[in-house]
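Results of the structural survey
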Amino acid sequence: MVEIELDGKKVEVLEGSMVMHAAEKAGTYIPHFCYHKKLSIAANCRMCLVDVEKAPKPMPACATPVTQGMIVRTKSEKAIKAQQGVMEFLLINHPLDCPICDQGGECQLQDLAVGYGGTKSRYAEEKRVVFHKNVGPLVSMEEMSRCIHCTRCVRFGQEIAGQMELGMAHRGEHSEIQTFVGRTVDSELSGNMIDICPVGALTSKPFRYSARTWELSRRKSVSPHDSTGANLIVQVKGNQVMRVVPLENEDVNECWIADRDRFSYEALNSDARLTQPMIKQGGQWKAVDWTVALEYVANGLKSIKDQHGASSIAALGSAHSTVEELHLLGALVRGLGSQSIDYRVRHSAFDNVAEAGKAQWLGTSIASLTTLDRAFVIGSFLRKDHPLFAQRLRQAARHGAKVLALHASEDDWLLPLAARITAAPSAWVQELANVAAAIAEANGVAAPAAGTATEAAKAVAAALLSGQRKALLLGNAAAEHPQAASLLSMANWIATQVGASVGYLSAAANTVGAQLVRALPGQGGANAGELLSSKPAKALLLLNVDPKLDAANPAAAVKAVNAAEMVVVMSPFKTGLDFADVLLPTAPFTETSGSFVNAEGRLQSFVGVVKPLGETRPGWKILRVLGNLLGLQGFGYESSEQVRNEALGVDADLGARLSNASAAAVQLGQAQDIERLAELPIYAADALVRHATSLQLTADARKAAVAQLPQALWTRLGLSDGAQVSISQDGAGTVQLPAKLDAKLPANVVRVPAGLPETAALGAAFGSLTIAKV
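Per chain, residue numbering runs from 1 following the sequence as it is written. In view of the model being predicted, local features appear only for residues whose pLDDT reaches at least 70, and side-chain atom pairs are presented and counted only at 80 or more, with totals across whole chains, interfaces and linings using the full set of residues. Side-chain numbers here rest on the full set of heavy atoms in the structure, without hydrogens or water.

1. Overview of the overall build of the chain
What the chain contains, in helices and strands, is 24 helices and 33 strands. As defined in this context, the radius of gyration uses C-alpha atoms, and a globule is described by 2.2 Å times the residue total to the power 0.38. On C-alpha atoms alone, the chain measures out to a radius of gyration of 28 Å, which is about the 28 Å that the 2.2 N^0.38 rule sets for 774 residues. Expressed along its principal axes, the backbone C-alpha trace of the chain runs to roughly 90 × 70 × 55 Å. When the 774 residues of the chain are sorted by exposure, 60% land in the buried category. Surface summary for the chain: the accessible area is close to 30000 Å², and the carbon and sulfur share equals 50%. Two residue types count as positive, namely Lys and Arg, and two as negative, namely Asp and Glu; His and chain ends fall outside the count. For charged residues, the charge sits on one atom: NZ in Lys, CZ in Arg, CG in Asp, CD in Glu. Measuring between centres, the 74 positive side-chain charges of the chain sit 2 Å from its 75 negative side-chain charges. Put simply, DSSP marks the helices as runs of H or I at least four residues long and the strands as runs of E at least two long, and each gets a number from the N terminus on. Three exposure classes are used, based on accessible area relative to the maximum for each residue type with a 1.4 Å probe and protein chains only: buried under 20%, partly exposed in between, and exposed over 50%. All accessibility values rest on the Shrake-Rupley procedure with a 1.4 Å probe; residue burial counts only the protein chains present in the view.

2. Quick look at the UniProt feature "domain: 4Fe-4S Mo/W bis-MGD-type" (unreviewed entry) in the chain
On the UniProt side, "domain: 4Fe-4S Mo/W bis-MGD-type" (unreviewed entry) is annotated at positions that read residues 216–272 here. Each end of residues 216–272 is marked by a C-alpha atom, and these two atoms are 25 Å apart; helix forms 9% of the span and strand 35%. UniProt positions are given in the numbering used here, feature names are shortened, and annotations may be inferred rather than shown by experiment.

3. What about the packing of helix H11 (residues 428–443) against helix H14 (residues 484–498)?
Lines fitted to C-alpha atoms define the axes, with helix axes restricted to the stretch in contact, and inter-axis angles between N-to-C directions lie between 0 and 180 degrees. Where H11 meets H14, the axes come as close as 10 Å, and the angle between the chain directions of the two elements is 20 degrees. Overall, the two elements H11 and H14 adopt an arrangement that is roughly parallel. Crossing angle aside, the handedness with which H11 passes H14 is left-handed. Of the residues in H14, those in contact with Trp428, Val429, Leu432, Ala433, Val435, Ala436, Ile439, Ala440 and Asn443 of H11 are Ser486, Leu487, Met490, Ala491, Trp493, Ile494, Gln497 and Val498. An angle below 35 degrees is read as roughly parallel, one above 145 as roughly antiparallel, one from 65 to 115 as roughly perpendicular, and any other as oblique. Put simply, a crossing is left-handed when the front helix is turned counterclockwise from the back one by less than a right angle, and right-handed when it is turned clockwise. For this analysis, residues touch if any pair of their heavy atoms sits within 4.5 Å.

4. As for helix H20 (residues 640–648)
Residues Ser640, Val643, Arg644, Ala647 and Leu648 constitute the buried set of H20. The arc that holds the buried residues of H20, viewed along the axis, is 105 degrees, so those residues lie on one side. Packing partners of the buried residues in H20 comprise helix H8 (323–335), helix H15 (511–516), strand S26 (594–597), strand S27 (603–606) and helix H19 (619–629). Where H20 terminates, the next one or two residues include Gly649, which has phi positive at roughly 90 degrees. This arc describes the spread of directions from the helix axis toward the C-beta atoms.

5. Structural notes on the side chain of Ser264
One can find Ser264 in the loop between helix H6 (259–263) and strand S14 (278–281). A polar side-chain atom of Ser264 sits 2.8 Å from a polar atom in the side chain of His225. When sequence neighbours within four positions are dropped, the list of residues in contact with Ser264 reads His225, Asp259, Leu688, Val689, Ala692 and Leu695. Side-chain atoms alone can form a polar contact between residues adjacent in sequence; in general such a contact is a pair of N or O atoms within 3.5 Å, and within protein one must be able to donate a hydrogen while the other accepts it.

6. A word on the side chain of Gln515
Tracing the chain through its elements places Gln515 in helix H15. Its relative accessible area of 9% is what places Gln515 among the buried residues. The residues touching Gln515, leaving out its near neighbours within four places in the chain, are Tyr343, Lys358, Ala359, Gln360 and Leu520.

7. As for the sheet that holds strand S11 (residues 217–222)
A strand pair is defined by DSSP finding two or more bridges across the two strands. Strand order in this open sheet of 3 strands is S11-S12-S13, and the pairing throughout is antiparallel. On the outer flanks of this sheet lie S11 and strand S13 (240–246), each paired with one strand and no other. Direction aside, neighbouring strands of the sheet carry axes that sit 35 degrees apart on average.

8. What about the nonpolar core?
Residues Phe33, Met47, Phe156, Leu166 and Leu202 are the most contacted members of the largest nonpolar core, which totals 73 residues. Of all the secondary structure elements, the ones that give two or more residues to this core are helix H2 (77–92), helix H3 (108–116), strand S7 (139–141), helix H4 (152–161), helix H5 (192–196), strand S12 (231–237), S13 and helix H21 (687–690). Top contributing element to this core by residue count: H4, with 5 residues. What Phe156 contacts, discounting residues up to four positions off in sequence, is Leu39, Ala161, Gly162, Leu189, Asn192, Met193, Ile196 and Trp256. Put simply, a nonpolar core is a bunch of buried Ala, Val, Leu, Ile, Met, Phe, Trp, Tyr and Cys residues held in one set by side-chain atoms that sit within 4.5 Å of each other. By size, the runner-up hydrophobic cluster in this structure holds 71 residues, among which are Leu326, Leu372, Leu382 and Ala508.

9. Some details on the pattern of salt bridges
Pairing is possible between side chains of opposite charge, provided their charged atoms come close. Salt bridges are defined by distance alone: a side-chain nitrogen of Lys or Arg within 4 Å of a carboxyl oxygen of Asp or Glu. In the structure shown here, the tally under the stated rule is 31 salt bridges. A salt bridge links Arg243 to Glu106; the shortest N-O distance between them is 3.0 Å. On the criterion of sequence distance, the pair formed by Arg243 in strand S13 and Glu106 in the loop between H2 and H3 is long-range, its members being 137 residues apart. One salt bridge in this structure joins Arg260 and Asp226, with 3.2 Å as the shortest N-O distance. Separated by 34 residues along the polypeptide, Arg260 in helix H6 and Asp226 in the loop between S11 and S12 bring together distant segments of the chain. In this pair, the class of Arg260 matches that of Asp226, namely buried. Taken together, the shared-partner salt bridges connect Lys38, Glu250, Glu254 and Arg392 into one network.

10. Structural notes on the sheet that holds strand S25 (residues 582–585)
Within the open sheet, the 7 strands sit side by side as S15-S14-S25-S24-S23-S16-S17. Their pairing is mixed. The sheet is open, and its two edges are formed by strand S15 (284–287) and strand S17 (341–342), each paired on a single side. Where strand S23 (residues 539–543) lies against strand S24 (residues 566–571), 5 bridges are found, and the strand directions are parallel. Residue Leu543 lies in a different strand from S24, and its bridge partner there is Met570.

11. A closer look at the environment of Phe579
Turning to its location among the elements, Phe579 is positioned in the loop between S24 and S25. When its relative accessible area of 9% is taken as the criterion, Phe579 is described as buried. A sequence separation of 32 residues divides Phe579 from Pro547, and the C-alpha atoms of the two residues are 9.9 Å apart.

12. Observations regarding the packing of aromatic side chains
Aromatic rings from Phe, Tyr and Trp, taking only the six-membered ring of Trp, are treated as a pair when their centres fall within 6.5 Å; an angle between ring planes under 30 degrees marks them as stacked, one over 60 as edge-to-face, and anything in between as tilted. Counting across every chain of the model gives 3 aromatic pairs. Taking the centre distance of 6.4 Å and the plane angle of 70 degrees together, the rings of Phe635 and Tyr637 count as edge-to-face. For the pair formed by Phe635 and Tyr637, the shared burial category is buried. By the criterion adopted, a ring carries a charge over it if an Arg CZ or a Lys NZ lies within 6 Å of its centre and within 35 degrees of its normal. Residue placement shows Arg243 over the ring face of Phe207; its charged tip is 4.4 Å from the ring centre.

13. Quick look at the UniProt feature "domain: 4Fe-4S His(Cys)3-ligated-type" (unreviewed entry) in the chain
Look at the UniProt record and you will see "domain: 4Fe-4S His(Cys)3-ligated-type" (unreviewed entry) annotated at residues 78–117. For residues 78–117, the helix share is 60%, the strand share is 0%, and the end-to-end C-alpha distance is 16 Å.

14. Points about the state of the cysteines
A pair of sulfur atoms, both from cysteines and within 2.5 Å, is called a disulfide here. Taken as a whole and judged by the stated rule, the model has 0 disulfides. Cys197 takes part in no disulfide bond, and the closest cysteine sulfur to it belongs to Cys150, at a distance of 6.1 Å.

15. Examining the environment of Gln708
Mapping Gln708 onto the fold places it in strand S29 (residues 707–709). Remark: the alpha-carbon pair of Gln708 and Ala557, spanning 151 residues in sequence, is separated by 25 Å. Beyond its immediate stretch of four places on either side in the chain, Gln708 contacts Glu679, Lys740, Asp742, Leu745, Val749, Val750 and Arg751.

16. Topic: helix H12 (residues 455–464)
Inspection of H12 places Ala457, Val460, Ala461, Ala463 and Leu464 among the buried residues, and these make up the whole buried set. Down the axis, H12 shows its buried residues gathered within 160 degrees of arc, on one side only. Along its buried surface, H12 packs onto strand S18 (374–378), strand S19 (402–407), strand S20 (417–422), H11, strand S21 (470–474) and H14.

17. Some words on unusual backbone geometry
In this structure, Asp7 is a non-glycine residue whose phi angle is positive, near 50 degrees. Positive phi outside glycine occurs at Arg46, with the angle close to 65 degrees. By the element assignment, Arg46 lies in the loop between helix H1 (19–26) and strand S3 (49–52).

18. Topic: the packing of H11 against H12
In the contact formed by H11 and H12, the axes pass within 8 Å of each other and the chain directions differ by 60 degrees. Compared by their axis directions, H11 and H12 come out oblique. At the point where H11 passes H12, the crossing takes the right-handed sense. Together, Asn434, Val435, Ala438, Ile439 and Glu441 of H11 and Ala457, Lys458, Val460 and Ala461 of H12 make up the contact between the two elements.

So this is what it looks like as structure tokens:
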């Protein structure tokens, strides 16, 4: 520790810290633009000049290391005069258009100009003008004349997002921030550039000119998308969500959010919203009131139970639904006498479950991902599945961590990989067995399964046997894999041998919560795979689930749903118009109170920030009333808190209910001629992102419906750039997609996305394909 004197106060900071860090610790504000606590130091705005005793001139606080006994004055005449001089230079070329600037009211330059700017400018020459640029549907660079060259956006891209999409071109007063040769900004974290820009140069294109910051009320919430559980501030005007920005939480999302957390709010105000209960009569949809709709559902469920028995009733709920909604959905089905409820609509196998009363989870804290020495990621499209987890592992890699991967693709995670094993999905268990064999050989123990210590396996094993803080992280594809239980068993054995944690990155905001509230089939109940294929229900309740886009086997799911006598869809959107009998408008996360349990087992509750749109109602209230109409016991809740407390217990210790233990026997996969690798595109993962206009205009969304083929198959079919291929699977329908060469895919793997209308006619996410040139 080093002690310095700052404005007459003694401050102790770590050796190597800068004066700015000492000021932050002392609670002293030093004006700045280019400095940001999460980014490297650039010292190019010079606004933070301070008076350091015995220094010949003012020094930048962000780039001046502290020394023992240093005396710093931030409010002396010398410091203030230097800061005022810098402000005058910054304002020389800055346009005086605050009244029409979208950043007005929350602009750092505007705020500091009040304190450090002059009353008039001495600059009489023409101001520079920078031509506007179109960099995509999310970030606006229409007013780059306002840029003050702090380079925060450039450093964010390099250090946090992992790709340098913006850079500084030219010199002197001709300098400008731009993309490389007119490219767009396509990072899944790009919206954070808007937050960190201190002026009105980078703004939100969807929000642009829609409201003034002082007109907005700000309310806390939690992201309903991936398992990070990012904390949000939802900004509202006139009972409409206008903007979403991050709420800082170092333990969860730091000060960042993914673009789908930020821009999916557009779906809340879209024309696709369902605003009235509807019943299909004579093949036509008719809007009705809630009393008619709920009585229709209750009478239908009673009738089907009387005719076919309670076991003919089932429910499927999305893990993007709240703890309260999933708990009541299960209580409703079980109250009717059925045990058929499940949230695992994308899973291919159902034997991989936590022990009774427990849930599978991340295995460590989210914050600890940043400090890992070794991370072995198995079966994950990491960047697109979990953008904020990828960002944390990127920071770990920047500080020397070795990140290892096992997957069927070689996507660029924008971080250095110490070792990578690329294999078809059916070979993943065998590849883990090979790693286990290499570790067993090094430790002098018996391997748990027959494996060969290949060079790739030895490289992974050597990395895992070194280092201190280690984790094996199973991704969404590993959790949904046909041999998911075997993958977990092998991961647990490896982790025990190398002293690592094991965990699931988890697919959705409430995957862990869904397990804790038992949104799983009970004794004799059918699981999601059976309900959507071999054992269709007579009455099916769908909570935030679209079988065409959310099922592991959409072709089979559509047949199963069409075979039901009554299908009740609870959704914020007009989902299931072709197969449903009743549509119940269910409130999205901004219009209801509820809770999510994120990947690390953190329970986060939130409240509705706007009134429900039209006749929309919170899901827990719909299920409560439905339970009462059916005469079920225990549905007298008056608040979502009561439901949550019953579901999870009051002040419950969720940590004691988290476990990734597995005693499953290891089973190897069956290789096929051509295997499907079914990624879930980032902007097709749930209903909100699917209906968000700007997200659907991004490069990730526009380029999603493509079949990627390995070199050998590409050559065999005689394909060339721009070719189309016809794909069929499991005797299901046939689809036609543009073809793209991916020479790094294993020879028998074809990458065909799931969750898209263009591929909904296909079968299982893990299965064999038949491909022909069109």
